[in-house]
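# Understanding the architecture of this molecule
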Amino acid sequence: MEPVRHRLARLVEESVKRAQAAGALPQVALPEITIERPHNPDHGDYATGLPLKLARSAGMNPVDIAQRLVEHTAAAEEIDPPEVAPPGFVNFRLSAGWLKEQVGTVLAEGEHFGDVAVGNGESVQVEFVSVNPTGPVHIGHGRGAVLGSTIANILQAAGYDVQREYYVNDAGNQMDSFYRSLYTRVAQALGHDVEMPEDGYQGAYMIELAQEVIAESPVESLVMERKEEATRELGARGLDKMLAAIRDDLGSLGVHFDLWFSEQTLFDTGQYEEAMEVLKKEGYLVQREGATWLASTSLGEDKDNVLVRSTGVPTYFASDIAYHRNKFVERGFQRVIDVWGSDHQGHVPRLKAAVGALGIDPDRLTILLSQLVTLRRGGEIVRLSKRTGEIITLQEVIDEVGADVCRFYLLSRSADSQMDFDLELAKTESQDNPVYYVQYAHARIASILRLATERGIDFSNGDISLLDHEAEQALIRRMLQLPELVETMAENLEPHHLPHYAQELATAFHWFYKQCRVISDSHPELTAARLKLVDASRTALARTLHLMGMTAPERM
RNA sequence: GCGCUUGUAGCUCAAUAGGACAGAGCGCAGCCCUGCGAAGGCUGAGGUUGUGGGUUCGAUUCCCGCCAAGCGCACCA
C-alpha cells in the first residue's frame, strides 16, 4: 500500500497551488514538501513545517501562511480537516473512518503488507559477509550477515529485484597460506614432523579440518612424495569443507545466498584481463618499481595503489576491480551494495575511484560499513583472532543464545556504532528480553485466533467500523507505519529501525489486549470486528519479524 | 600526523534526511490477574545531547575548533 505520507504531500502541494491561484499566497517557488511525524500525539499523526520555510520568500507570517493553506486544502477521506499550530505548522490527523478501513487493507495484502512500490523492479545486488574461507565465521561476520540479509529483505519488499551474493576469495595469498597450513596439519596428523608456517592458521579448527580431509580418503602416499600436488589437492578439499561449514553456520542464522561467486573464475574466464585492459586503455595503469599501479592520484586519491606486484601476482584490489566490473558490466546490476567490516574502510574510496575509472558511475555502488562487535562473557572481553586460534564461532553464539535473539540484537544498533554483544546478558536477560517481548505478542495473537477457531467463530464478515476504541485505533496507526518504514529503510539502508518498530508494534498490541476483551459471548459483532483487527496485527507483526529474518512463533 | 566512525538518562540504545515538550528497554520506587497467554498492563524518579563557537524562525541532527574512544593509512585481504 502507498504510505499515507505521499498522499498528504500531494494534498499540501495542491493546496499551495490553489491558494496561489486564488491570490491568497504569493507565487514563490516551493521547497520540497516534507511530511513528518510529530513526536507529540497532540500534534496529530502527520505535520508539515512548510509555512515556516515559505515565510521568508513569501514575506508573510508563517501562521498566516498555514491558515491560508488550511483554507485551501481539499477535503480528503484519509484525514480530518487540518489544523494550524504555532509557530507555523499544519497538523493532520487521520480520520477514524479511514483508519478503521485499513484493517481490511492489511488483511487483503496479507504477507505482502509492508510492500511499497519504490524499486520498480530495478536490479540490486547485495554482497555481504564474503569472509575469506580460511576459518569459521565469528560474531563480527554475523553482524554483517544480519545487516546484509535484512537489507536485502527490505529492498525486496520495496520492489527491487534483489540478488544476495557471497564473494568467495578462493585466490590469493591468504588462500595459499590456508593451503599450506592444512597440508601441515594433515602431515602432522599422519605422524610426520613438519613445522607450521609462520603465517599459518594456528587455530584448532585446522586440526579438525585435517582430520576430516584424511577421513574422506587416504592421502598418505601423496603427502610426503608429492608435496605441491598434495597441498593443492588437500587444499581444494579443505576449501570445500570450509565453505560448507560457513554456509551451514550462516544458514542457522537464517542467512542464505543466491550465488556464491568464486574469485578464481575471474582469472579463469579472462575477466580479470579484460578489466585491466580497460584501465590500461583509459590510461590509468602505471609501471613503476617493477609493479603495475592504478593511477589513483589522477582520480583524486592521495596515493596510487598496486594492482600487480613485482612478482607478477595480482593484489586483492585488482581482482576486486574485476569483480565489480563483472557486477555492473557482465551482469548488468543497476545498483550494487557491498557490506563490509569497518576495518576495510580504507578500501572504500579506492574502489569507488576504480569503478569510476572503468567508466561506471560510482554512485551506483554503495558500500556499507559495519562497526566492530566486541564479544563479552559477563565483563570479560572475548578476543577474536583466527591466527592465534582463540575464537568463539558464530555457531557457538547461536547455539548459546538462539538465532532469533542473535539476529535481533545484532540488528538493533546502527551499523555506524560499535557494539558489545554480551553472551551472559543475552541469556540471563531472557525473561525480559525484547526479543521475547515481541515474539510473545505474536504467540498471544496466535493463541486468540486459535481459541476463535476452536469455538467455531467465523469473523470473515466482521464489521470493522465498530473499532472505535482508542487502543484499537492506536494499534491500527502503528501497523500503518510499516510500509512507511520499509520505504525509508530502503532509501537510507538503516535496518536498525526494524527491531525498534517491532517493539512499538508489540506494545500497541499488548495495550489493546489489556483494554479490549476480544472474544466475548455477549458481544458477537464486536468479537468478529476485533478478531479481524487481531488477525491484521498478526499479519503486520509476522511481516516485521520475517523482514528481520526471525521466526513468528505460534506458541512459546 | 592524516582519514573514517562514534560520544544522548545509572546501563544498552533510538530520535524516520533541520521541527513543536529529546524517547524506548533494562535497572530503581510503587500499583494491577475469581474471563481470550502476567514472557503482560499502568504510574513515578532519572537529561546543560562530550565541550566551545557558528549558520537560522528553529540544531541531538549542518559547518569549524577542541577533548575522548574504536578503526584505518602495505607490492595483506
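On a predicted model such as this, the values are computed, not experimentally measured, just so you know. Along each chain, residue indices are assigned from 1 in the same order as the chain's sequence is written. Here the convention is simple: chains get letters from A, ligands get numbers from 1, in the order in which they are written. In keeping with the model being predicted, local features are shown solely for residues with a pLDDT of at least 70 and side-chain atom pairs are shown and tallied solely at 80 or more, while totals for entire chains, interfaces and linings include all residues. Only hydrogens and water are set aside; all other atoms, that is, all heavy atoms of the structure, feed into the side-chain values.

### Notes on the sheet that holds strand β1 (residues 46-48)
Heads up, the rule is: In this analysis, strands are considered paired if DSSP registers two or more bridges between them. Numbering of helices and strands starts at the N terminus; helices are DSSP runs of H or I of at least 4 residues and strands are runs of E of at least 2. To define axes, lines are fitted to C-alpha atoms, for helices over the stretch in contact only, and angles between the resulting N-to-C directions are given on a 0 to 180 degree scale. Any two residues whose heavy atoms approach within 4.5 Å are treated as being in contact.
Sheet architecture is open: 3 strands sit in the order β1-β3-β2, paired in antiparallel fashion. In this open sheet, the two edge strands, each paired with only one partner strand, are β1 and β2 (83-85). Looking at each pair of strands side by side, their axes are set apart by 30° on average, direction ignored. Across 3 bridges, β2 lies against strand β3 (residues 89-92) in antiparallel orientation. Considered in β3, the bridge of A85 is made with F89. The strands touched by helix α3 (residues 62-71) within the sheet are β2 and β3, with β2 carrying the most contacts at an inclination of about 175°.

### Some points on the sheet that holds strand β5 (residues 161-168)
Strands sit in the order β6-β5-β4-β10-β11 across an open sheet of 5 strands; the sheet is parallel. Both edges of this open sheet fall to β6 (259-262) and β11 (365-370), since each of them pairs with a single strand only. Across the sheet, the mean angle from the axis of one strand to that of its neighbour is 25°, orientation sign disregarded.

### Thoughts on the protein's contact with RNA strand B
In plain terms, the rule: Put simply, a residue is near a molecule or strand once any heavy atom of it comes within 4 Å of that molecule or strand. Counting of polar contacts relies on pairs of N or O atoms within 3.5 Å, with two restrictions inside protein: one atom must be capable of donating a hydrogen and the other of accepting it, and residues adjacent in sequence are counted only when both atoms are side-chain atoms. Under this grouping Gly is polar, as are all residues other than the nonpolar Ala, Val, Leu, Ile, Met, Phe, Trp, Tyr, Cys and Pro and the charged Asp, Glu, Lys and Arg.
Taken together, 65 residues surround RNA strand B, and among them R309, Q345, R413, D416 and R444 come closest. Sugar plus phosphate, as a fraction of atoms of RNA strand B within 4 Å of the protein: 59%. Between a sugar or linking oxygen of RNA strand B and a side-chain N or O atom of N132, the distance comes to 2.8 Å. Interatomic distance of 3.5 Å between a side-chain N/O atom of T488 and a sugar or linking oxygen of RNA strand B. Broken down by secondary-structure element, the contributors of at least two residues to the surface near RNA strand B are α2 (50-58), β3, α6 (173-189), α17 (434-454), α18 (470-492) and α19 (497-515). When its residues are assigned to classes, the surface near RNA strand B shows 20 nonpolar, 25 polar and 20 charged.

### Digging into the packing of helix α5 (residues 139-157) against α18
The test is simple: Roughly parallel refers to an angle under 35 degrees, roughly antiparallel to one over 145, roughly perpendicular to one between 65 and 115, and oblique to any angle outside these ranges. Crossing handedness: left-handed means the near helix sits turned counterclockwise from the far one by under a right angle, and right-handed means the same turn made clockwise.
Between α5 and α18, whose axes approach to 9 Å, the crossing angle comes to 120°. Compared by their axis directions, α5 and α18 come out oblique. When you trace α5 past α18, the crossing you get is left-handed. Here α5 contributes I154, L155 and A157 to the contact with α18, which in turn contributes V486, M489 and A490. Tallied by class, residues from the contact of α5 with α18 come to 6 nonpolar, no polar and no charged.

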